[in-house]
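Single-letter residue listing:
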Protein chains: 2
Amino acid sequence: MKFCFELVKKEANTQARLGRLKTPHGEVKTPVFMPVGTQATVKSLTPEDLKDIGAEMVLANTYHLYLRPGVDIIKDLGGLHCFMNWEMPLLTDSGGFQIYSLGELSKIGEEGFTFKSPFDGSEHFLSPEDVMDIQEKLGADIIMTLDECTSYPASYDYTLNSLELTTRWAGRCKQAKSREDQALFGIIQGGMFPELRRRSAEQIVGIGFDGYGIGGLSVGETKSMMWEMLESTLPFLPEDQPRYLMGLGKPEDLVEAVSRGVDMFDCVLPTRNARNGSLFTSEGKVVIKNSEYTRDGAPLDPNCECYTCRNYTRAYLRHLFMAQEILSARLNTIHNLYYYIELIGQIREAIGEDRLPQFQEELMEANVGA
Amino acid sequence: MKFCFELVKKEANTQARLGRLKTPHGEVKTPVFMPVGTQATVKSLTPEDLKDIGAEMVLANTYHLYLRPGVDIIKDLGGLHCFMNWEMPLLTDSGGFQIYSLGELSKIGEEGFTFKSPFDGSEHFLSPEDVMDIQEKLGADIIMTLDECTSYPASYDYTLNSLELTTRWAGRCKQAKSREDQALFGIIQGGMFPELRRRSAEQIVGIGFDGYGIGGLSVGETKSMMWEMLESTLPFLPEDQPRYLMGLGKPEDLVEAVSRGVDMFDCVLPTRNARNGSLFTSEGKVVIKNSEYTRDGAPLDPNCECYTCRNYTRAYLRHLFMAQEILSARLNTIHNLYYYIELIGQIREAIGEDRLPQFQEELMEANVGA
């Protein structure tokens, strides 16, 4: 099966949409939340855990896997699906966000980017063509073009030059792509300038991709600025193709973005917070190390049906966290991901019933003071 | 169901035995290997993982749980089985081995032992009666008397005085015990003196317990000395009661001990080694970080049916280990425990068919050079 996106329904009150991503590794309902499996594993979980939670699609990181264990190894072992034992849809990012995260440790030029390995200090150069080659070797269902994620704040001129470079790289990526069974998404940049967001969107859409990532958001700007930029981008993307807001976000951000027309999300928040003992519940945030949970025999979230909530008390979860037990990371991750996957399922349901604004209101109320 | 032990069969060529432990939480075939769940969790695994592996009984540590989270908390939450969501048989040790491990940080007297909490430096005193009270609150199926594990080397006089103290403590433990649904095991000491081993065994058996732990071995003595001490102890234990060799050992040690008449084992080796990437296989030890496994697409152990070997390559396991991923600990632990549980199952089978010596020979051959 080749990749395709089917727009199923538009919500009556907002820009929200229901859709279906069809990939060689199965179908995914949108809006979708993708757990992050940076190093070819969603930290602490097996693929079976992920399926139990209801995850349908996972993201992995090109940059990390290129450095360790190396992409040729993964290719020789049958590709990333096989390597990590995940037979459902996969997306790899391009490494663009890692260039941004590396800051001073990376250098961008017309041809690509240079960076030093944090493992052995060795110097590496990757061009857009290299990034395509790497992602073709990994073999995810959806791959991303190489982009420059503009820092915040950035001047108008810097942002303009940067988005133009991202456009040229996107064109080279499309040119270099050779596998027919992978979908390629372009990435929109344009910093915090509505005009440049539009410009980037028009250029990237002009090249033409299977879907569109919206990058360069949640990099330090205010929430209202972020929503303004999203609103300055989405109208210029084709309605019949998927839109992927990269790296976001909190539960309330997901609803906000969906209501503006976003279909796909990934974020480390549920998994990273889980390992730090910060847990999402229907009654607000729970910081499991707090002494109030020492003797608490209730489940973490009385309204949650996840494995953790069905089998363990807050007191036990607190104990595992305080004792720095490995099982703490796992039980917390199961819960937080379940919360996100359930949330996105409820969002889909609300879209189906044309009551997303009411759902958003209920969610905000439940999280008051959280 | 109250506790009882049923001797099912004696092997024709050795002292090995098949038996059944009946406990309020179910029946366990002996010889049995108990995974160690020090802090109310077998590190990185859920109870479901343990059941999948075939584990039937788990050990937890009184000393650790007394300090954290505290035994009253566990009692109020329904006891240890409930707290850790493990509805099968449980054994708690008494803390005697921890007194030994603490060395200078603990002080022993007639009344009990004093030690400092490694968490907050607070001073604690525990008597044999306290240790019974704690273990009754935890509620394991089998509990242990408080003992002094004699250091190695120790003089004859020290060892004699020490075993006599252990005997007095054992008597006080039996006296203090009030719950009818828990079995209490006495612990034999006697250091490296055959005569004192016999003396301890006769004294402890004289008091009378539901089973007998053999302590104070594998504390730095040679292997041959260890086997000599075991052989100096076992003849003085009642044949119709279970014998538990505490804290041992390597796969080959298990067979050696079983052939001398031991029924029960616990050891951190499979779980601790797993986290360090040292893995037991049918073809000998595998150190998974070794570069030879970088591109190795074979399962860890081609003869193993565990979840890890059925689903992952050595290359992936090496990658997870090098990347310090949490899943590494888990997949390795599943494999190593499966190896131990399978091994003890094969030992039972060999006893059933009166071919334990042949089985031992085959095991030694498979592990040559490992």
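Structure report, in brief. (Residues numbered from 1 in each chain as written. Chains lettered and ligands numbered in written order. Predicted model: local features only at pLDDT ≥ 70, side-chain atom pairs only at ≥ 80, totals over all residues.)

**Description of the overall build of chain A**
What counts here: Runs of E in the DSSP output that reach at least two residues are strands. Runs of H or I that reach at least four are helices, and both are numbered from the N terminus. Two things to know: the radius of gyration comes from C-alpha atoms, and the globule rule equals 2.2 Å times the number of residues to the power 0.38. Here a residue counts as buried when 20 or more other C-beta atoms sit within 10 Å of its C-beta, as exposed when there are 12 or fewer, and as partly exposed otherwise, the C-beta atoms being derived from the backbone. By the criterion used throughout, residues are in contact when their C-beta atoms, derived from the backbone, lie within 7 Å.
Helices and strands together make up the secondary structure of chain A, namely 15 helices and 16 strands. On C-alpha atoms alone, chain A measures out to a radius of gyration of 20 Å, which is about the 21 Å that the 2.2 N^0.38 rule sets for 370 residues. Expressed as lengths along the three principal axes of its C-alpha atoms, the size of chain A is roughly 60 × 50 × 45 Å. Counting across all 370 residues of chain A, residues that qualify as buried make up 54%. A separation threshold of at least 6 residues defines the contact pool for chain A, and within that pool the share at least 24 residues apart is 68%.

**Remarks on the relation of the copies chain A and chain B**
Operational definition: The fit set for superposing copies consists of C-alpha atoms from residues with pLDDT of at least 70 in both; the fit itself is least squares.
Taken as rigid bodies, chain A and chain B are interconverted by a rotation of 180 degrees and an axial shift of 0.0 Å, the fit giving an RMSD of 0.0 Å. Given the turn and translation reported, the copies of this chain are related as if by a two-fold rotation axis. When C-alpha distances to the rotation axis are compared across chain A, the minimum falls at isoleucine 326 of chain A, with a value of 3.6 Å. Most of the interface of chain A is mirrored in chain B, where 100% of its interface residues are also at the interface.

**As for the interface of chain A and chain B**
Contacts between chain A and chain B engage 30 residues on the former and 30 residues on the latter. Listed by contribution, the elements that provide at least two residues to the side of chain A that touches chain B are helix H3 (71-76), helix H4 (80-84), helix H13 (314-322) and helix H14 (326-352) of chain A.

**Observations concerning the nonpolar core**
Across soluble globular proteins, nonpolar side chains have a tendency to be buried as a group. Test applied: For the purposes of this analysis, a nonpolar core is taken to be any set of buried Ala, Val, Leu, Ile, Met, Phe, Trp, Tyr and Cys residues that are connected through C-beta atoms within 7 Å.
If you look at the biggest cluster of nonpolar residues, it comprises 220 residues, and the most contacted ones within it are Val58 of chain A together with Val58 of chain B. The contacts of valine 58 of chain B, once residues within four sequence positions are left out, are Met34, Pro35, Gly37, Val42, Leu50, Trp86 and Leu90 of chain B.

**Remarks on the pairing of strand E8 (residues 112-116) of chain B**
Residue and element names in this part refer to chain B. Spelled out, the test is: Here, any two strands with at least 2 DSSP bridges between them count as paired.
Pairing between strand E7 (residues 106-109) and E8: four bridges, direction antiparallel. Opposite glycine 109, over in E8, you have glycine 112 as the bridge partner. Examined bridge by bridge, E8 and strand E9 (residues 123-126) share four bridges and lie antiparallel to one another. In the strand pairing of E9, threonine 114 is matched with phenylalanine 125.

**Quick notes on the environment of leucine 279 of chain A**
Looking at the element boundaries, leucine 279 of chain A is found in strand E15 (residues 278-281). As a C-alpha pair, leucine 279 of chain A and leucine 337 of chain A span 58 residues in sequence and 9.8 Å in three-dimensional space.

**Description of unusual backbone geometry**
Most of the time, phi is negative for any residue but glycine, and the peptide bond is trans. Residues and elements named next belong to chain A. Residue proline 31 follows threonine 30 across a cis peptide bond; omega there is 0 degrees. Within the fold, proline 31 resides in the loop between strand E3 (26-30) and strand E4 (32-34). Despite not being glycine, glutamine 324 shows a phi value in the positive range, around 50 degrees. Relative to the assigned elements, glutamine 324 resides in the loop between H13 and H14.

**Comments concerning the sheet that holds strand E8 (residues 112-116) of chain A**
Consider a sheet: its strands pair through backbone hydrogen bonds, and that pairing is either parallel or antiparallel. All names here are of chain A. Where we set the bar: Axis definition: a line fit to C-alpha positions, over the contact stretch in the case of helices; interaxial angles, taken between N-to-C directions, run 0 to 180 degrees.
Spatially, E7-E8-E9 is the arrangement adopted by the three strands of the open sheet, whose pairing is antiparallel. A strand with exactly one partner marks an edge of an open sheet, and here the two such strands are strand E7 (106-109) and strand E9 (123-126). Shown here is a sheet whose adjacent strand axes are inclined to one another by a mean of 15 degrees, direction ignored.

**What about the packing of helix H8 (residues 194-207) of chain A against helix H9 (residues 223-233) of chain A?**
Helix-helix packing is described using two parameters, namely the angle between the two axes and the distance between the axes. Residues and elements named next belong to chain A. Cut-off, in case you're wondering: Should an angle lie under 35 degrees it is considered roughly parallel, over 145 roughly antiparallel, and from 65 to 115 roughly perpendicular; all remaining angles are considered oblique. The handedness criterion is simple: a crossing whose near helix is rotated anticlockwise from the far helix by less than a right angle is left-handed, and one whose near helix is rotated clockwise is right-handed.
It is at 8 Å that the axes of H8 and H9 come closest, and there the two elements cross at 40 degrees. Classified by the angle between their axes, H8 and H9 sit oblique to one another. Where H8 crosses over H9, the two elements pack in a sense that is right-handed. Residues Pro194, Arg197, Arg198 and Ala201 of H8 pack against Glu228, Met229, Ser232 and Thr233 of H9.

**A word on the sheet that holds E4 of chain A**
All names here are of chain A. The strand order across the open sheet built from eight strands is E4-E14-E13-E12-E11-E10-E6-E5, with neighbouring strands paired in parallel fashion. The outermost strands of the open sheet, each flanked by one partner alone, are E4 and strand E5 (58-61). Each strand axis lies, on average, 25 degrees off the axis of its neighbour in the sheet, ignoring direction. One ladder, built from three bridges, connects strand E10 (residues 142-144) with strand E11 (residues 183-188); its direction is parallel. When the sheet's bridge partners are listed, methionine 144 is paired in E11 with phenylalanine 185.

**Concerning the environment of valine 258 of chain A**
Residues and elements named next belong to chain A. Mapped onto the secondary structure, valine 258 falls in helix H10 (residues 251-259). A tally of 28 C-beta atoms within 10 Å means that valine 258 is categorised as buried. Taking C-alpha positions, valine 258 is 22 Å from alanine 183, a pair spaced 75 residues apart along the chain. Those residues in contact with valine 258, other than ones at most four positions away along the chain, are Ala16, Pro31 and Ile347.

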